[in-house]
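Per-entry structural report
Chain by chain, the residues run as shown.
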Amino acid sequence: MKFAFTDDQLALASTVRQVLAAHCPAAAVRQAGKAAPAAERLPAWPQLAEIGFFGMLVPEPHDGLGLGLADAILAFEETGRAALPGPVVETAAVAPGLLGDDDLLVRLAEGRLRVSVRLGDQVYAPDADLADLLVVERHGELRAVPAGSVRLTPQAGVDPVRRLFSVAFGSPEAVDGGKPQLGRRLDVSAVHALRTATVAVAAQLVGLARHLLETSVEYAKSRRQFGAPIGSFQAVKHQLADVAIAVDFAAPLVYAAALAVDRAGRTAPAGGVDSAGPTVAVGEVDRAVSAAKAAAGEAATRAARVALQVHGAIGYTGELDLRLWLARVWSLASAYGDTGVHRSRLRAAILGTPDLTRWP
Amino acid sequence: MKFAFTDDQLALASTVRQVLAAHCPAAAVRQAGKAAPAAERLPAWPQLAEIGFFGMLVPEPHDGLGLGLADAILAFEETGRAALPGPVVETAAVAPGLLGDDDLLVRLAEGRLRVSVRLGDQVYAPDADLADLLVVERHGELRAVPAGSVRLTPQAGVDPVRRLFSVAFGSPEAVDGGKPQLGRRLDVSAVHALRTATVAVAAQLVGLARHLLETSVEYAKSRRQFGAPIGSFQAVKHQLADVAIAVDFAAPLVYAAALAVDRAGRTAPAGGVDSAGPTVAVGEVDRAVSAAKAAAGEAATRAARVALQVHGAIGYTGELDLRLWLARVWSLASAYGDTGVHRSRLRAAILGTPDLTRWP
Amino acid sequence: MDLDFTPQERAFRAEVRDWLAAHVPERLPSMDTRDGFEAHREWERLLADARLSVVSWPERHGGRCASLVEWLIFEEEYWAAGAPGRVSQNGIFLLAPTIFSYGTAEQNDRFLRRMARADDIWAQAWSEPEAGSDLASLRSRAERVAGGWRLYGQKTWSSRATYADWGFGLFRSDPESTRHRGLTYFLFPLRDVTVRPIAQLDGEPGFAELFFDGVFVPDCQVLGAPGDGWRIAMATTSSERGLTLRSPGRFMATADRLVRLARSTATDPALADEITRAWMDTEAYRLHTFGVARRIASGEEIGPASSMGKVFWSELDVRLHALAIQLLGERGLLAGDAPDAEDGGRWLDGFLFSLAGPIYAGTNEIQRTIIAERVLGLPR
Amino acid sequence: MDLDFTPQERAFRAEVRDWLAAHVPERLPSMDTRDGFEAHREWERLLADARLSVVSWPERHGGRCASLVEWLIFEEEYWAAGAPGRVSQNGIFLLAPTIFSYGTAEQNDRFLRRMARADDIWAQAWSEPEAGSDLASLRSRAERVAGGWRLYGQKTWSSRATYADWGFGLFRSDPESTRHRGLTYFLFPLRDVTVRPIAQLDGEPGFAELFFDGVFVPDCQVLGAPGDGWRIAMATTSSERGLTLRSPGRFMATADRLVRLARSTATDPALADEITRAWMDTEAYRLHTFGVARRIASGEEIGPASSMGKVFWSELDVRLHALAIQLLGERGLLAGDAPDAEDGGRWLDGFLFSLAGPIYAGTNEIQRTIIAERVLGLPR
């Protein structure tokens, strides 16, 4: 048993990190929160496509790298660290397991197809206006619909970069014989997709938390108050130490969940979804997934709170890029089930108590 | 509206504090945890009797002071601060509302009758071996039984001073015509008794927390590590500040609950006990009572944890008297419903969710 | 000790409640926009017409000499009615107590009545880019000139300053001085100052930077004696932390909205438990404040103990809002202009606003140190 | 990266599990009593006979050269089987790594085998009444005499010392030295030392004070070079905080017992939520430790990062036990000899024991400062 990343896995993450450092600086993230043209809202996407990022999880016959989620999990962590804009998780992590079509998979692997999803209890599709294809769960079925054939209603929120949309079927132009165009039914289980999305987002949250911790440490070293760097005060030290602990112990849960999702495979049935009622018996895989999301969301939320407290009033403004990372933490902590939802699922799994929250 | 103690109320507390400082020093509390003879387990009781402490809540016609719980609440806080041994709350706060008998009330007021109780969901009667009379709730009825007519089984626990006992009816000597001696039925509601006990114990917890905070502050001033008093380190300062805040905001809830209990009066019906099932609709008085106990228990538990952390390894031993105060905090935080039970009652009252825990 | 309101207090509550029920407007636009600012000014004038803008002030300045308890009652009713935030807050709660204590008779007459009527809206100018919470390290300076002073330097985190009329703050009037000494308290019109808005987390310019390039301030706009600014300002920041800044009414209204939201939603019991705790803490804050009000009314100085209140309310406020956002799930993070936003995005606005609480008016780290050293007596 | 055990690891787990199932005794009396201490010594001998007392040690000292992962597997099985606490823990986990690294060949041969068989049980003697967590301020001293040293002074908080055979600790061997310099690491038989037991919260003498009144220690019982004790001791205390002191198996067993208890009781959902969090944190600690084990196996130095583990497990341990006590209500605080006690009072014993976790081996305040300064690089 070797619970440590291989050299290949580390090299992939390192390449992604370098590409993002070069092509997705904070200024680009800031711009993505303002600009309308898609090109400016998707910094580093062409360069990531070049290194095969969007084909990581696509099988080799379709021009992908054929990796598992665990192989790519650190790469997703890096996209969180850089607060990379766009439907990253939905396109690079979720779509490969959903699309059976050869041509679509090839386009996906080459970075020529952007995908957004609305799965399970999720109400909104993130970055849907940047997507070519939407995969939507509807009455328990997954349907792939071209972006043009649905009505998207923007739901402005705390994160100016990761925008949310309501999705309604049947735009006037896409009515087919009087019935709304519902797209193509996908013959795969939504469970794998939802698990994958959740764990990849958890990895992004770990990356976000690491960035916030580093930024806060640097700020605490340089900012002086009462004649000393604020990082020399024990109260600041201990808050930052607690963030370091939270991140350090959340990350292994995320990595283990990625391994569990890979082991369960994309075709496995749900851990035990009881279609008769809202109570969900959660299997071992979903337990790992929920632990990962709960812990990562909590660590990142703590990192955000402490970052704000360490930066003081300046952190509270749009002057610093910090604001973009805070908003992404809040946005992703709430996506695909927040900490409360996942802890309640864990509670049901471990203690057998009825679970009030339906997820997936 | 004057939410501040009157001079009379403050003077009573001050007198009690002086008596306890003189007659219930830490050494006496320590001795009470060891010695068998009742006299050594009841330090300061004769002196408290002299100043009328046990008659505070007894009506004036029965030689008491005829005060309300709110008038006496600071006096109970002082008994917590001193960790006064014996069935203090049960005798001085609860019994006056239970006993209708003139003679018993007079004896109580004069400090010649010690009482222990087992009310509501409570499993054990505290200090029952020191009591002359036990009041036990049984099948919804209150019964007063002389101490000699029940079987007491000691249940040794964390607190060597406040000892717990199982109570079984019918000692062999007290069988009356072949049936166990069940004592005299009391024609009063158990609700007022339970509310009174809970609020008085909450006051004791506030007193215990104040003592622990003071002791920890004194220790932190004198104990030196790394070349400075440990109280000069920010981490220690902030932990102690958080205790101060917790105590300062718990106390008003306790005082307000005492006022609410007085207002409801001893004869008022339960806030809405539903005899059909375990769900209890909790009225405004019970809401105040539960908020008081939950907050006081939490503040005292925090004070205990921080006291131990500030004192370091020495606090962990029997060398310091600290141990006795810690044990009393744990013991009283668990008595008459712990923080969890009372928050769950509050939850039911405020949010209308079903309450799993039956109290009273 | 009692918690029973007197007939007079009950009558006052009834009057306030009735007036608010008849007059509270629909939600106003954000006071961090030009239109919203003026709409809030109009609302304050309406309040002033009913002598409800500064109930605890003397009648000659627009108040009605209300007791502290009556002021708390006013605040409970004000926030329970869903009335707008107070755009004149900085002046009324931070500056006015200082003018009452240290201002000349002429300053009292000149400034207070106009403040009460929102004819002048005041912005505080405490912080500087390098000073932050460490007020004693201020660098902005005042040069003595004939008949007054000229101000130079930069201030930041000045709330409301983008659209306000007047500002108040400390400047170093003795160039030889360091730390607490040689600071003077100035009142200045903002039209003479260059104001640069700072976008907040929510994108609106709630704060501004102020640039002083030799602004002339006549002697009659110095508050207290020159060089005595530190002592006077400390009295003001103490009231910033103390009773006057955050009355319980505001948190009670938030807690009530939170509980209503939770009752209308399928709430996970673990979340319900946190909501219950926040409700209980709100009640504790209310009762605690009644106790403090009583002590102040008896002439007691609250002093550094007010730091306990600051830590408590600021962290409670964050919790109340964060819980609502959790309850709302994905919808919790929607802004006011999203079609699906709950209650016009008030929870998100309130959450972002609440995050500043543990930072401003002395960070909670500083407050905890004050509690430890000055209340508990631990060594520096 | 994987979490799949190899066939060899699975076989080892099966062997350990089977052996334990056949040999784990009923609950032994407390090791803080004379009888209990000897009963625990007997149990350790039985373990040693099966070569299971020190699985990761070389075979010549009684081990079986198990890998770190195998050691973690052993620990999981050991605690899951409800086996007794390790009375030889201080020697095996705190002293032995130091002997392996700094001991002479003769010291290795003389002490390790007997330690593995519990023929010698060792007590640590780090703290002094005035020193506490500030190890560098030690005052106990060693005087050079022919062929060895004489020890003077007082040590305290020595766990197990009441009944143990040997002790180890630092003494100031250079009277001119201060702080970290001039300390020497000594091994001494406790029969030459005056031992005064200290009652713990639960009344049993888990700790003792040691009084040295010129105890003679020959040169062959000095570990490492004279004056080099600080560096050597730091290596030991790092292993005290690091992997070897608290394996996840122990917390996993506690978490499993807690979950079983919760499943058998009507559990309030808010409490259930806290239990779930503790379960999750236990899983996180297990996975984190697998990662650390892998890094150590690859030759990495863990160093100050081990402080993160210390903070995490010590606070987790308190929570696990406090939650069980809450679950049990009034019964949670009953001692083992109470008729109604749950599980022989183990939850209360474990709770009181857990409270020492955030204090000993460097308080968690000190650990957080180490993390901030040495892991994150914040200024002193």
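Residues numbered from 1 in each chain as written. Chains lettered and ligands numbered in written order. Predicted model: local features only at pLDDT ≥ 70, side-chain atom pairs only at ≥ 80, totals over all residues. Heavy atoms only, no water.

**Observations concerning the overall build of chain A**
The following threshold applies: Note on conventions: DSSP H or I runs of at least 4 residues are helices, E runs of at least 2 residues are strands, and numbering of each starts at the N terminus. Remark: exposure states derive from per-residue accessible area (1.4 Å probe, protein chains only) relative to the maximum for the residue type, with buried under 20%, exposed over 50%, and partly exposed in between. Whether two residues touch is decided by their heavy atoms; if any such pair falls within 4.5 Å, the residues are in contact. In these tables, accessible area is a Shrake-Rupley quantity obtained with a 1.4 Å probe, and a residue counts as shielded only by the protein chains included in the view.
Scanning chain A for helices and strands turns up twelve helices and eleven strands. Across the 360 residues that make up chain A, the buried fraction comes to 62%. For chain A, the share of sequence-separated contacts (at least 6 apart) that also reach a separation of at least 24 residues comes to 70%. Total accessible area computed for chain A in this model is approximately 12,300 Å², and 52% of it derives from carbon and sulfur atoms.

**Some details on the interface of chain A and chain D**
Put simply, the rule reads: Each of two parts loses accessible area, computed with a 1.4 Å probe, when they are put together; buried area is these two losses added. In what follows, salt bridge is the name for a side-chain nitrogen of Lys or Arg lying within 4 Å of a carboxyl oxygen of Asp or Glu. For the purposes of these results, a polar contact is taken to be a pair of N or O atoms within 3.5 Å, where, inside protein, one atom must be able to donate a hydrogen and its partner to accept one; residues adjacent in sequence count only when each atom of the pair is a side-chain atom.
Counting residues at the interface gives 43 residues for chain A, matched by 42 residues for chain D. The largest contributions to the chain A side of the interface with chain D come from Met1(A), Phe249(A) and Leu351(A), which together make up 22% of the buried area. For the pair chain A and chain D, the number of links is five salt bridges. Among the ionic pairs, Arg277(D) bridges to Glu298(A), the shortest N-O distance being 2.7 Å. Counting every contact that joins chain A to chain D gives 14 residue pairs in polar contact (both at pLDDT 80 or more). Elements with a minimum of two residues in the side of chain A that touches chain D: helix 8 (190–222), helix 9 (234–264), helix 10 (284–311) and helix 12 (339–351) of chain A.

**Remarks on the packing of helix 7 (residues 248–263) of chain C against helix 9 (residues 306–328) of chain C**
Residue and element names in this part refer to chain C. Test applied: Note on geometry: axes are C-alpha line fits, over the in-contact stretch for helices, and angles between N-to-C directions span 0 to 180 degrees. Every angle not falling under 35 degrees, over 145, or within 65 to 115 is termed oblique; those three ranges are roughly parallel, roughly antiparallel and roughly perpendicular. In this scheme the handedness of a crossing depends on how the near helix is turned from the far one: anticlockwise by less than a right angle means left-handed, clockwise means right-handed. Three classes are used, and their members are as follows: Ala, Val, Leu, Ile, Met, Phe, Trp, Tyr, Cys and Pro are nonpolar, Asp, Glu, Lys and Arg are charged, and the others, Gly among them, are polar.
Close contact between helix 7 and helix 9 brings their axes to 10 Å; oriented N to C, the two are set at 20 degrees. With respect to helix 9, the axis of helix 7 lies roughly parallel. As for how helix 7 packs across helix 9, the hand of that crossing is left-handed. Here Phe-251, Thr-254, Ala-255, Leu-258, Leu-261 and Ala-262 of helix 7 come into contact with helix 9, specifically with Trp-313, Leu-316, Asp-317, Leu-320, His-321, Leu-323, Ala-324, Leu-327 and Leu-328. Here the contact of helix 7 with helix 9 is built from residues that sort into twelve nonpolar, two polar and one charged.

**Considering the interface of chain C and chain A**
Each side of the interface is counted separately: chain C has 44 residues, and chain A has 40 residues. Together chain C and chain A conceal approximately 3,300 Å² of surface at their shared face, both sides included; 57% is due to carbon and sulfur atoms. At the junction of chain C with chain A, the criterion picks out one salt bridge. At the junction of chain C and chain A, the tally comes to eleven residue pairs in polar contact (both at pLDDT 80 or more). Broken down by secondary-structure element, the contributors of at least two residues to the side of chain C that touches chain A are strand 6 (194–198), helix 8 (269–297), helix 9, helix 10 (346–354) and helix 11 (364–375) of chain C. Considering each element in turn, the side of chain C that touches chain A owes the most residues, four residues, to helix 10 of chain C. When its residues are assigned to classes, the side of chain C that touches chain A shows 24 nonpolar, nine polar and eleven charged.

**Some points on the nonpolar core**
Heads up, the condition is: Only buried Ala, Val, Leu, Ile, Met, Phe, Trp, Tyr and Cys residues count toward a nonpolar core, and they belong to the same one when joined by side-chain atoms within 4.5 Å.
Core analysis: the biggest nonpolar cluster contains 434 residues, and Phe76(A), Trp330(A), Phe76(B) and Trp330(B) have the highest contact counts within it. Take this core: its biggest share by element is 20 residues, from helix 9 (residues 234–264) of chain B. Not counting residues within four places of it along the chain, the set of residues in contact with Trp330(A) comprises Val158(A), Ala304(A), Leu201(C), Leu333(C), Phe351(C), Leu352(C) and Leu355(C).

**Looking at the sheet that holds strand 1 (residues 115–118) of chain A**
Pairing between sheet strands relies on hydrogen bonds along the backbone, with the strands arranged either parallel or antiparallel. All names here are of chain A. To be explicit about the condition: Two strands are counted as paired when DSSP detects at least two bridges linking them.
Taken in spatial order, the four strands of this open sheet run 1-3-4-9, and their pairing is mixed. Both edges of this open sheet fall to strand 1 and strand 9 (184–186), since each of them pairs with a single strand only. Recorded for the sheet is a direction-independent mean angle of 25 degrees between the axes of neighbouring strands. Its contacts with the sheet place helix 6 (residues 88–98) against strand 1, strand 3 (133–138), strand 4 (141–146) and strand 9, and it is angled at close to 75 degrees to strand 1.

**Observations concerning the sheet that holds strand 2 (residues 125–126) of chain A**
Residue and element names in this part refer to chain A. Ordered in space as 2-6-5, the three strands form an open sheet in which the pairing is antiparallel. Edge positions in the sheet fall to strand 2 and strand 5 (150–155), since each has one partner strand and no second. Summarising the sheet, strand 5 and strand 6 (residues 164–169) pair through six bridges and their orientation is antiparallel. Each bridged residue has a counterpart across the sheet, and for Leu-152 the counterpart in strand 6 is Val-167.

**Quick notes on the environment of Thr79(A)**
Residues and elements named next belong to chain A. Position of Thr-79 among the secondary structure elements: in helix 5 (residues 69–81). Thr-79 sits 63 residues away from Val-16 along the chain, and the two C-alpha atoms are 7.9 Å apart. Setting aside anything within four residues of it in sequence, one finds Thr-79 in contact with Leu-20, Phe-53, Leu-84, Val-88 and Gln-204.

**Description of the domain arrangement of chain C**
Residues and elements named next belong to chain C. Counted only if it meets this: Residue ranges assigned to each domain were obtained from an automatic or database domain assignment.
For chain C, the assigned domains read domain 1 (7–87), domain 2 (122–228) and domain 3 (242–375). Averaged C-alpha coordinates put domain 1 and domain 2 at centres separated by 29 Å. Counting residues at the interface gives eight residues for domain 1 and eight residues for domain 2. A per-residue breakdown of the area domain 1 buries against domain 2 is headed by Asp-32, Arg-34 and Phe-37, which together make up 65% of the total. Across the salt bridge formed by Arg-160 and Asp-32, the nearest N and O atoms sit 3.1 Å from each other. Remark: the boundary between domain 1 and domain 2 carries three residue pairs in polar contact (both at pLDDT 80 or more). Looking at the side of domain 1 that touches domain 2 residue by residue, the class counts come to three nonpolar, two polar and three charged.

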